[in-house]
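Summary of structural features
Spelled out from the first residue to the last, the chains are:
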Amino acid sequence: MSYLVVQNLVKRYGGVTAVDGVSYRIEQGSFVSLLGPSGCGKTTTLRCIAGLETPDEGTISVADKVVFSSDANVNVPVHRRKMGVVFQNYALWPHMTVFENVAFPLRVRRYQRTEIARRVHEQLEMLGLQGLERRFPSQLSGGQQQRVALARALVHDSDLLLFDEPLSNLDAKLREQAIFELKKLHKKLGKTIVYVTHNQVEALAMSDVMAVMKEGAIRQMGPPREVYNEPEDQYVATFVGKANAARGRVTTSEDGRVSASVGDVAVEGVAQHDRMFRVGEEVRLFFRPEVTRVHASTEVTGTNAWVAKVDSVAFLGEQTEFELSLGGLAVRAVQLSMSTIREGDLVVISVNPNDVRIVAESQWGEA
Ligand code: ATP
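Now for a look at the structure at hand. These numbers come from a predicted model, not from an experiment.

1. A word on the overall build of the protein chain
From N to C terminus, the protein chain includes 9 helices and 21 strands. Expressed as lengths along the three principal axes of its C-alpha atoms, the size of the protein chain is roughly 75 × 50 × 35 Å. Burial statistics for the protein chain: of 367 residues in total, 49% are counted as buried. Partitioning the intrachain contacts of the protein chain with sequence separation of at least 6 by distance along the chain shows that 66% fall at a separation of at least 24.

This is the structure in structure tokens:
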């Protein structure tokens, strides 16, 4: 049974519709991220769930209890929703020590002193913050502040945790570390997490389910692998990663296998959702740079093996990124570093037909 259910959520600010009819169901214990560019309505959705904003329309229920309903006129106040929230800037109280910050949600809920001390110490220990109880936020590193904010969200045993870009103030290395730590913590605690981010790496790495948002609406929702490998349209394909996408016409289509011509080039692939295509139908052929192999020899032949010219080579340490031209088509490829290929070389590039998705041109849309 779904734990968090959001139905037809709408939030307007004057003439701006920040959230435009969002609906989803989240299973208990799952890690769900809302991913999208700045201004797409992620934060507003999260604030509506927390009770920090009042939606104009819709219903929100948690564990079968309605916490907001525009029709039934229900709006449970923030402190009675029993949710833990971690904000981008952590929102720690600067004049309170680490101990007092973490204890705050318990004091508001009138827990007893001994219970407060027990719970705060338990959280600080779990997050490796013991010994820092008396420090003020300004005396902590960014990573430590982030963990204090996390301890404060966890301390009153809420089953639902809401995160709004909690890693964006960390530098790249700390953020990478924090991704692994958050993932471990989620596994250990089994809490339901809704996580807002504009960073696709965070969403791909941590989520059980990700929802890609645009202009107040969800464009696609599913497990990260599914969203990454089978994006429904160009917007999703390019927001969660890099994409090669060529326009072509179907030459054969049978049992989900499709052949198409892209100019003079013949390409084979798999129809998204086993859809049937007509011969002559206009389609997009979509494949990721990392499934595009670059062979130093031009002798390699076979299905989906094409001679291409190397336009640029970027050495990125463990990986090398290539830009190639195949007829009039620009193709990107990424692979573990190899030293022999240079700009201007003729090479063969190949893609396994199972890694090429065929999507109807009318569905592909704008980025
Ligand atoms: P970011 O990643 O930049 O935080 P977001 O996807 O979380 O972006 P929201 O903060 O939810 O986006 O904003 C969605 C839209 O609503 C934007 O157009 C924003 O300008 C507008 N908006 C948000 N809060 C308010 C407000 N308090 N008053 C007026 N407009 C607002």
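There is more to say, and it comes next.
2. Looking at the nonpolar core
Formed by 34 residues in total, the largest nonpolar core has its most connected members in Val 120, Leu 150, Phe 163, Leu 167 and Tyr 195. Elements represented by at least two residues in this core include exactly helix H2 (98-108), helix H3 (113-126), helix H4 (142-154), strand S8 (160-164), helix H5 (172-189) and strand S9 (192-197). If one sorts the elements of this core by residue count, H4 sits on top with 6 residues. In this view, Leu 167 contacts Gln 146, Arg 175, Ala 178, Ile 179, Leu 182, Tyr 195, Glu 202 and Met 206; residues no more than four positions away in its chain are not counted.

3. Brief notes about the sheet that holds strand S1 (residues 2-13)
An order of S2-S1-S4-S5-S6 is seen for the 5 strands of this open sheet, with the pairing classed as antiparallel. In this open sheet, the two edge strands, each paired with only one partner strand, are strand S2 (16-27) and strand S6 (74-75).

4. Structural notes on H3
Look at H3: 20 Å from first C-alpha to last across 14 residues, which is about the 20 Å you get at 1.5 Å a residue. Those residues of H3 not exposed but buried are Ile 116, Arg 119, Val 120, Gln 123 and Leu 124. Within H3, the buried residues cover an arc of 130° as seen down the axis, which keeps them to one side. Every exposed residue of H3 that faces more than 90 degrees away from the buried side is listed here: Thr 114 and Glu 125. Residues of H3 that are buried in the fold lie against H2 and H4.

5. Side note on the packing of aromatic side chains
Scanning the model with the defined rule gives 5 aromatic pairs in all. Taken together, a centroid distance of 6.0 Å and an interplanar angle of 20° make the contact between Tyr 235 and Phe 239 stacked. With Tyr 235 and Phe 239 both in helix H8 (residues 234-239) and 4 residues apart, the pair spans about one turn of that helix. For the ring pair Phe 286 and Trp 364, a centre distance of 5.8 Å and an interplane angle of 45° mean the geometry is tilted. Placement of the pair is Phe 286 in strand S15 (residues 282-287) and Trp 364 in helix H9 (residues 361-364), with a sequence separation of 78 residues. Its relative accessible area of 2% is what places Phe 286 among the buried residues. Among the aromatic side chains, those forming a connected cluster through ring pairs are Phe 31, Phe 163 and Tyr 195. For the cation-ring pair, Arg 288 lies above Tyr 228, with the distance from its terminal atom to the ring centre recorded as 4.0 Å.

6. Re the environment of Val 279
With respect to the element layout, Val 279 can be found in the loop between strand S14 (265-271) and S15. For Val 279, a relative accessible area of 62% gives the class exposed. In this structure the C-alpha to C-alpha distance between Val 279 and Arg 107, which are 172 residues apart in sequence, comes to 68 Å. For Val 279, the residues in contact, after removing those within four places along its chain, are Val 250 and Thr 251.

7. Re the packing of H4 against H5
The contact between H4 and H5 brings their axes to 12 Å, and the two run at 20°. Judged by the inter-axis angle, H4 sits roughly parallel to H5. Crossing of H4 over H5 shows right-handed handedness. Taken together, the residues of H5 that come into contact with H4 (itself represented by Gly 143, Gln 146, Arg 147, Leu 150 and Leu 154) are Leu 174, Ala 178, Glu 181, Leu 182, Leu 185 and Leu 189. The class makeup of the residues in the contact of H4 with H5 is 7 nonpolar, 2 polar and 2 charged.

8. A closer look at helix H1 (residues 42-50)
Counting buried positions along H1 gives 7 out of 9 residues, so the element sits mostly inside the fold. Once H1 finishes, Gly 51 follows within two positions and takes phi at roughly 95°, a positive value.

9. Some details on the pairing of strand S13 (residues 257-262)
As paired strands, strand S12 (residues 244-254) and S13 are joined by 5 bridges and run antiparallel to one another. From the neighbouring strand, Glu 254 faces S13, where its bridge partner is Arg 257. Between S12 and S13, which pair antiparallel and follow one another directly, the connecting turn spans 2 residues, one of which, Asp 255, has a positive phi of 50°. Hairpin connection of S13 to S14: 2 residues between the antiparallel strands, including Gly 263 at a positive phi of 60°.

So, how was this worked out
Residues numbered from 1 in each chain as written. Predicted model: local features only at pLDDT ≥ 70, side-chain atom pairs only at ≥ 80, totals over all residues. Heavy atoms only, no water. Helix = DSSP H or I, 4+ residues; strand = E, 2+ residues; numbered from the N terminus. Buried < 20%, exposed > 50% of the residue type's maximum accessible area, 1.4 Å probe, protein only. Contact = heavy atoms within 4.5 Å. Core = buried A, V, L, I, M, F, W, Y, C linked by side-chain atoms within 4.5 Å. Pairing = 2+ DSSP bridges. Expected span 1.5 Å × (residues − 1). Arc of directions from axis to C-beta. Phe/Tyr/Trp six-rings, centres within 6.5 Å; stacked < 30°, edge-to-face > 60°. Lys NZ or Arg CZ within 6 Å of the ring centre and 35° of its normal. Axes fitted to C-alpha atoms, helices over the stretch in contact; angles between N-to-C directions. Parallel < 35°, antiparallel > 145°, perpendicular 65-115°, else oblique. Left-handed = near helix turned anticlockwise from the far one by under 90°. Nonpolar A, V, L, I, M, F, W, Y, C, P; charged D, E, K, R; others polar.

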